[in-house]
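What follows is the residue order along each chain.
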Amino acid sequence: MEKIKITFLGTGNSVPTEKRNHTAILLSYKNENILVDCGEGTQRQFRIAKLSPTKLTKLLITHWHGDHILGIPGLFQTLSMSEYNKPLQIYGPKNTKYFISQLQKTFNLKLNVHVEEISEKVFETEDFYVESKQMDHGIPALAYSFVIK
């Protein structure tokens, strides 16, 4: 069985420290590179980890607090400037389509994205699936499970 690789790009909370960046976790399995949240500074964390953000296939957003999403505009810009041509699949809670469209409009980002607002089953492949559960966090929020079949 192929191994799952988890890279913690950020594990801090609302205020970063010298040693901890805002939330961002990269899950790699077979041909998938799934980023869970994209806190501010995530694109720099990719460089420090010697990983290419252009290998991303999906972005899962847990909720729309700044420490979990403020890295999205910079990541989109990096992907656009790196000629990232495939559609980036984005999954998140209620209002994700609106917020992503507003980020693209505000920062004039032309990245090809496919956005889905989800509540239970996120997506499924031949080998695994990702599911979500609603969480109580004051705003629409999701927790994700990655399950190998």
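Residues numbered from 1 in each chain as written. Predicted model: local features only at pLDDT ≥ 70, side-chain atom pairs only at ≥ 80, totals over all residues. Heavy atoms only, no water.

Q: Give a description of the overall build of the chain that names residues and reports values.
A: Secondary structure assignment for the chain yields four helices and nine strands. Element order for the chain, N to C, with α for helix and β for strand: β-β-β-α-β-α-α-β-α-β-β-β-β. Computed over the C-alpha atoms, the radius of gyration of the chain is 14 Å, within 12% of the 15 Å expected from 2.2 N^0.38 for a compact globule of 149 residues. Each of the three principal axes of the chain carries a C-alpha extent, and together these read 40 × 35 × 35 Å. Burial statistics for the chain: of 149 residues in total, 44% are counted as buried. Put simply, of all contacts in the chain between residues at least 6 apart along the chain, 54% involve residues at least 24 apart. Accessible surface, the chain: about 8600 Å² in total, of which carbon and sulfur atoms supply 50%. (Helix = DSSP H or I, 4+ residues; strand = E, 2+ residues; numbered from the N terminus. Rg over C-alpha atoms; globule rule 2.2 N^0.38 Å. Buried < 20%, exposed > 50% of the residue type's maximum accessible area, 1.4 Å probe, protein only. Contact = heavy atoms within 4.5 Å. Areas by Shrake-Rupley, 256 points an atom, 1.4 Å probe, with all protein chains shown as cover.)

Q: Account for the packing of aromatic side chains, naming residues and giving values.
A: Evaluated as defined, the whole model comprises seven aromatic pairs. Ring centres of Trp64 and Phe99 lie 4.9 Å apart, and the angle between their planes is 45 degrees; on these two criteria the pair is classed as tilted. Here Trp64, found in the loop between strand 4 (58-60) and helix 2 (66-69), pairs with Phe99, found in helix 4 (residues 96-106); they are 35 residues apart in sequence, far enough to count as distant. Classification of Phe99 as partly exposed rests on a relative accessible area of 30%. Grouping aromatic residues by their ring pairs yields a cluster made of Tyr29, Tyr91, Phe123, Phe128 and Phe146. One Lys or Arg, Lys58, reaches over the ring of Phe123 and ends 4.7 Å from the middle of that ring. (Phe/Tyr/Trp six-rings, centres within 6.5 Å; stacked < 30°, edge-to-face > 60°. Lys NZ or Arg CZ within 6 Å of the ring centre and 35° of its normal.)

Q: Can you explain the environment of Gln43? Please cite residues and give values.
A: By the secondary structure assignment, Gln43 is in helix 1 (residues 42-48). Linking Gln43 and Thr54, residues 11 residues apart in sequence, is a C-alpha distance of 10 Å. Excluding residues that lie within four positions of it along the chain, Gln43 makes contacts with Gly74, Leu75 and Thr78.

Q: Residues and numbers for the pattern of salt bridges, please.
A: Applying the stated criterion across every chain yields a total of four salt bridges. Here Lys58 and Glu32 are joined by a salt bridge, their closest N and O atoms 3.0 Å apart. Of this pair, Lys58 sits in strand 4 while Glu32 sits in strand 3 (residues 32-36), and the two are 26 residues apart along the sequence. Residue Lys58 is classed as buried on the basis of its relative accessible area, which comes to 7%. Residue Glu32 is classed as buried on the basis of its relative accessible area of 14%. In this structure, Glu124 engages Lys149 in a salt bridge whose closest nitrogen and oxygen atoms are separated by 2.8 Å. With Glu124 in strand 7 (residues 121-124) and Lys149 in the segment after strand 9 (140-148), this residue pair connects regions lying 25 residues apart in the sequence. Assessed through its relative accessible area of 47%, Glu124 is described here as partly exposed. (Salt bridge = Lys/Arg side-chain N within 4 Å of Asp/Glu carboxyl O.)

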